[in-house]
Amino acid sequence: MRIIWKVYSWLLDHYGPQGWWPLLDRDTMTLRYHPGDYTPPSNPDEVFQVMAGAVLTQNTSWNSAAMALIRLADRGALDARSILEMDDHELQEAVRCAGFYRQKSSYLRGVAEFFLSLDGSSPTRKELLGVRGVGEETADSILLYGYRKPEFVVDAYTRRIFSRLGVIGGDERYSRIKELFEGSLEADFRVFQEYHALIVRHGKTHYRNKPYGEGDRLPLQVNGVEAPDSGVRGD
């Protein structure tokens, strides 16, 4: 669909490159973005950072997940082996700020075991989906940002934005929306990374709170008409 590329072009012109996935700068102990640089992650520990971040950001804000990643780094535990060596209480306390901390600490252990079992190889989507706590959005995030595979990531903002544009209804299966985007774009991981990051950026501005889409000029820019006020107001 032409509108999918048109939206990408407008978002990129409007916001510029986003530099996702943010990775730890060990000199400053902060997570840093890398706009226009699509070479990261550059080592196995950075690949695992993407995996851990994809798990920690489930059902919470990225800021909360980022705080948990930094807390792990402060403890010298932002790598798979160190996470497996931590006791339950210490790991849970480190990720408490990301919410669902008992569940997520368990998921992190499972992801760490899986990562080490790969021994440097790239996982398949099917393999990732077999790991406890890894659903479709998490698996695609890991493959796209950790392994630079062209797997489009569909999140809540994707549904809200493109429902308001009339491209989707919003309640389709994850796989249906994923197929729509992947069938409309060149299979280039750089485009997929940038598009997803831009959707998140735009979503945080206009689709975080109800009524979703308030003040959004994107429908006018790509369709030439305002979206109806009814828009997408549900979850």
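Here the structure is shown first, and the text comes after it.
Residues numbered from 1 in each chain as written. Predicted model: local features only at pLDDT ≥ 70, side-chain atom pairs only at ≥ 80, totals over all residues. Heavy atoms only, no water.

Enquirer: Would you mind showing me how to read the overall build of the chain here?
Expert: Within the chain, the secondary structure is distributed over twelve helices and two strands. What you see in the chain, going N to C, is helices and strands ordered as α-β-β-α-α-α-α-α-α-α-α-α-α-α. Relative to the compact-globule value of 18 Å for 235 residues, the chain shows a C-alpha radius of gyration of 18 Å, a close match. Burial statistics for the chain: of 235 residues in total, 52% are counted as buried. For the chain, long-range pairs separated by at least 24 residues make up 63% of all intrachain contacts whose partners lie at least 6 apart in sequence. About 11300 Å² of surface is accessible on the chain, with carbon and sulfur atoms providing 46% of the total. Positive and negative side-chain charges of the chain, numbering 29 and 33 respectively, have mean locations separated by a distance of 4 Å. (Helix = DSSP H or I, 4+ residues; strand = E, 2+ residues; numbered from the N terminus. Rg over C-alpha atoms; globule rule 2.2 N^0.38 Å. Buried < 20%, exposed > 50% of the residue type's maximum accessible area, 1.4 Å probe, protein only. Contact = heavy atoms within 4.5 Å. Areas by Shrake-Rupley, 256 points an atom, 1.4 Å probe, with all protein chains shown as cover. Lys, Arg positive; Asp, Glu negative; His and termini not counted. Charge placed at Lys NZ, Arg CZ, Asp CG, Glu CD.)

Enquirer: Mind showing me how you'd approach the pattern of salt bridges here?
Expert: A side chain with one charge can pair with a side chain of the opposite charge if their charged atoms come near. Taken as a whole and judged by the stated rule, the model has nine salt bridges. Two residues, Arg-125 and Asp-140, come together in a salt bridge whose shortest N-O distance is 2.6 Å. On the criterion of sequence distance, the pair formed by Arg-125 in helix H7 (residues 125-129) and Asp-140 in helix H8 (residues 136-146) is long-range, its members being 15 residues apart. Assessed through its relative accessible area of 22%, Arg-125 is described here as partly exposed. (Salt bridge = Lys/Arg side-chain N within 4 Å of Asp/Glu carboxyl O.)

Enquirer: Even after reading the chapter, I still don't get the environment of Asp-13, so can you show me in this structure?
Expert: Here Asp-13 is to be found in helix H1 (residues 2-15). Judged by its relative accessible area of 69%, Asp-13 is exposed. Note: C-alpha distance between Asp-13 and Glu-214 (201 residues apart in sequence) is 21 Å.

Enquirer: Looking at this model, I keep getting lost on H8. Mind explaining?
Expert: What sets the pattern is the α-helix's 3.6 residues per turn: residues three or four places apart point alike. Summarising burial for H8: nine of the eleven residues are buried, a large majority. Where H8 is concerned, the buried positions are Thr-138, Ala-139, Asp-140, Ser-141, Ile-142, Leu-143, Leu-144, Tyr-145 and Gly-146. On its buried face, H8 is in contact with helix H2 (44-56), H7, helix H10 (174-182) and helix H11 (189-206). Following H8 by one or two positions, Arg-148 adopts a phi angle in the positive range, close to 55 degrees.

Enquirer: Teacher, can you tell me more about the packing of aromatic side chains here?
Expert: For any pair of aromatic rings, geometry is given as the distance between the ring centres together with the angle between the planes. Scanning all chains against the criterion turns up 15 aromatic pairs. A ring pair is formed by Phe-152 and Phe-192, whose centres lie 5.6 Å apart and whose planes are at 80 degrees; its orientation type is edge-to-face. One end of the pair, Phe-152, is in the loop between H8 and helix H9 (156-164); the other, Phe-192, is in helix H11, and 40 residues separate them in sequence. Across the pair, exposure class does not vary: Phe-152 and Phe-192 are buried alike. An aromatic cluster is defined as three or more aromatic residues linked by ring pairs; in this entry it consists of Trp-5, Tyr-8, Phe-152, Phe-162, Phe-181, Phe-192 and Tyr-195. The lysine or arginine in question, Arg-96, covers the ring of Tyr-101, its NZ or CZ lying 4.1 Å from the ring centre. (Phe/Tyr/Trp six-rings, centres within 6.5 Å; stacked < 30°, edge-to-face > 60°. Lys NZ or Arg CZ within 6 Å of the ring centre and 35° of its normal.)

Enquirer: I would appreciate a short explanation of unusual backbone geometry in the present structure.
Expert: Note on backbone geometry: most residues besides glycine have negative phi, and most peptide bonds are trans. In this structure, Trp-21 follows Trp-20 across a cis peptide bond, with omega equal to 10 degrees. Relative to the helices and strands, Trp-21 resides in the loop between H1 and strand S1 (23-25). The phi torsion at Met-29 lies on the positive side, around 55 degrees, for a residue other than glycine. The topology assignment puts Met-29 in the loop between S1 and strand S2 (30-32). You can call Met-29 partly exposed: its relative accessible area is 24%. For Asn-59, which is not a glycine, the phi torsion comes out positive at approximately 55 degrees. Its location among the elements puts Asn-59 in the loop between H2 and helix H3 (62-74).

Enquirer: Would you explain H9 in this entry?
Expert: Counting buried positions along H9 yields seven of nine residues, so the element is predominantly enclosed. Of all the positions in H9, only Tyr-157, Thr-158, Arg-160, Ile-161, Phe-162, Ser-163 and Arg-164 are classed as buried. Here the buried face of H9 lies against H1, H10, H11 and helix H12 (218-223). Where H9 begins, the capping side chain belongs to Asp-155, and its oxygen is found 3.2 Å from the backbone nitrogen of Tyr-157. Following H9 by one or two positions, Gly-166 adopts a phi angle in the positive range, close to 80 degrees. (Polar contact = N/O pair within 3.5 Å; in protein donor to acceptor, adjacent residues only side chain to side chain.)

Enquirer: Just checking my understanding: could you explain the side chain of His-206 for this structure?
Expert: Position of His-206 relative to the elements: it lies in helix H11. Its relative accessible area of 17% is what places His-206 among the buried residues. Only 3.3 Å separates the side chain of His-206 from the backbone oxygen of Glu-214, close enough to count as a polar contact. Residue contacts for His-206: discarding those within four places in its chain leaves Tyr-15, Tyr-212, Gly-213, Glu-214, Gly-215 and Asp-216.

That's the geometry; what it means functionally is another story.
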